Amino acid sequence: MSPGALNRLNMQNTTSTNAALILPGGGARGAYQVGVLKAIDELTGNRSNPFPVICGTSAGAINAAVLASHAHEFSIGVERLDHFWRSMYCARVYRTDAWTVFKSGMRFAATLLSGGLIRTNPKAFLDNTPLRFFLQGALKLEGIKTALDTGALRGVAVTASGYTSASAVSYYQAVDEVESWARARRKGQPASLNVQHLLASAALPILFPAERIGNEYFGDGGMRMVAPLSPAIHLGADKILVVGTRDEKPDAPPQSPTQYPSAGEIGGYLMDTIFMDTLNADLARMRRINKTLALVPEEKRQQTGMKHIESLVIKPSRDLRHVTRAHVHEIPRSVQILLRTLGGWGRDWRMASYLLFESAYCGELIDLGYADGMRAEADIIRFLKF
């Protein structure tokens, strides 16, 4: 951090704010968020937790839980995430042995080819049991209560999608004054967060099995969350920083007819939609509300029940599919075969980019996130003024 930037930060007024950090999903792309967090930690001079409110979905839910459990020691939380992702490998997230992957694929094939007469009850293409064991051994979620008790944290929320209720449920752990909420197809429910909530939020549809919480099975939180900013606002945020997992440059339209999209390409496209499109739409809606509120007289503004919420979005400066292409050979052979079978290999690396949990790839994403965060120094300092 430049001396001038640090001085500007230290000289800001001391008005209390509830800055929120929102970490959307992205599978292995979640490593990018760690790099941005490293930059933020450095730019703020390793100060105390700059985000009293932390919300995450899917892989972002795991990052959010680690940060929240170390909110009273923010730099240590960031260091743990950096070590977590740089030492990552696919077999730590899902079983990669050929027999397990083959057996899962055959269950789907048997059900399809028999017209449902052979009921194999396939749950997912990949078995994420290793991730469950890893998270149970690595996470110290009791730290969330410590962070709340010390005032370093106001609240943390992770979102999952209920397959029966067809609703997004944001499980949150927060200070007593936060009340639960219920809106159309989404609600906030208090909970003592545990590994089940994280696995539910990160259960990518079809790829990873759903997780049962209570009487219902849950999948990836992005599927049903039509207002991804709402958990942070309900937890009291008055400004929101989002660390995305996708650059927003649209692909150029094809100059000649393309091949019909494969199942793998469609799956990758759907994951892109789940993780970022609804979030971007919600950000655009919030900015329109801010502009509208600016036109309303102050005495009338309070009657609306709405407030101006500042936002900052940091996203990859490169198309992460290009980074993926350089590392796809690191994916275990059995998973390569699965991706080839689904058509998620070669033409479009979207699906592979979500499953490439290997240290070299994750390390490069962390480095990219750090560089993007440092380039956004002026914006971050202005956003995190105290």
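Let me sum up the structure you'll find in this document. Along each chain, numbering runs from 1 in the same order as the chain's sequence is written. Since the coordinates come from a predicted model, pLDDT governs what is reported: local features require at least 70, and pairs of side-chain atoms require 80 or more to be given and counted, while whole-chain, interface and lining totals use all residues. Only hydrogens and water are set aside when side-chain values are computed; all heavy atoms of the structure are taken into account.

### Some thoughts on the packing of aromatic side chains
1) Next: Note on ring pairs: Phe, Tyr and Trp rings are taken, using the six-membered ring of Trp, and paired if centres are within 6.5 Å. Classes follow the plane angle, with under 30 degrees stacked, over 60 edge-to-face and the rest tilted. Inspection of every chain in the model, using the stated rule, returns nine aromatic pairs.
2) Next: Centre to centre, the rings of Phe84 and Phe134 are 5.1 Å apart; their planes meet at 35 degrees, and the pair counts as tilted. Of this pair, Phe84 sits in helix α4 (residues 74–86) while Phe134 sits in helix α7 (residues 129–138); the two residues are 50 residues apart in sequence, bridging distant segments of the chain.
3) Next: Judged by relative accessible area, Phe84 falls into the buried class, the value being 9%.
4) Next: Ring geometry for Tyr171 against Phe218: centres 5.9 Å apart, planes inclined by 70 degrees, an arrangement best described as edge-to-face. Of this pair, Tyr171 sits in strand β4 (residues 168–174) while Phe218 sits in strand β8 (residues 216–220), placing them 47 residues apart in sequence. The exposure classification of Tyr171 matches that of Phe218, with both residues buried.
5) Next: Here the aromatic cluster, defined as three or more aromatic residues joined through ring pairs, consists of Phe84, Trp85, Tyr94, Phe134, Phe208 and Phe357.
6) Next: Lysine NZ or arginine CZ positioned within 6 Å of the ring centre and within 35 degrees of the ring normal marks a charge as sitting over the ring. If you follow Arg29 out to its NZ or CZ, it ends over the ring of Tyr354, 4.5 Å from the centre. Working definition: helices are DSSP H or I runs of at least four residues, strands are E runs of at least two. Numbering for both runs from the N terminus. Here the term buried applies to any residue with accessible area under 20% of the maximum for its type, exposed to any over 50%, and partly exposed to those in between, with areas from a 1.4 Å probe on protein chains only.

### Concerning the pattern of salt bridges
Between side chains of opposite charge, a pair can form as their charged atoms come close.
1) Next: The rule for a salt bridge is simple: a side-chain nitrogen of Lys or Arg has to be within 4 Å of a carboxyl oxygen of Asp or Glu. Under the counting rule described, the total for this entry stands at 14 salt bridges.
2) Next: The residue Asp97 makes a salt bridge to Arg95 at a minimum N-O spacing of 3.3 Å.
3) Next: The salt bridge partner of Arg285 is Asp282, with a shortest N-O separation of 2.5 Å. Taken together, the residues Arg285 and Asp282, both in helix α11 (residues 263–294) and three residues apart, mark about one turn of the helix.
4) Next: One connected set of salt bridges, linked through shared partners, spans Lys38, Asp82, Arg86 and Asp367.

### Observations regarding the pairing of strand β2 (residues 53–57)
1) Next: In terms of burial, β2 is largely enclosed, as five of its five residues are buried.
2) Next: With burial as the criterion, each face of β2 is covered, one bearing Val53, Cys55 and Thr57 and the other bearing Ile54 and Gly56.
3) Next: Examined bridge by bridge, strand β1 (residues 19–23) and β2 share four bridges and lie parallel to one another. Each bridged residue has a counterpart across the sheet, and for Leu23 the counterpart in β2 is Gly56.
4) Next: Here β2 runs beside strand β3 (residues 155–162); their pairing, made up of five bridges, is parallel. Any two strands with at least two DSSP bridges between them are considered paired.

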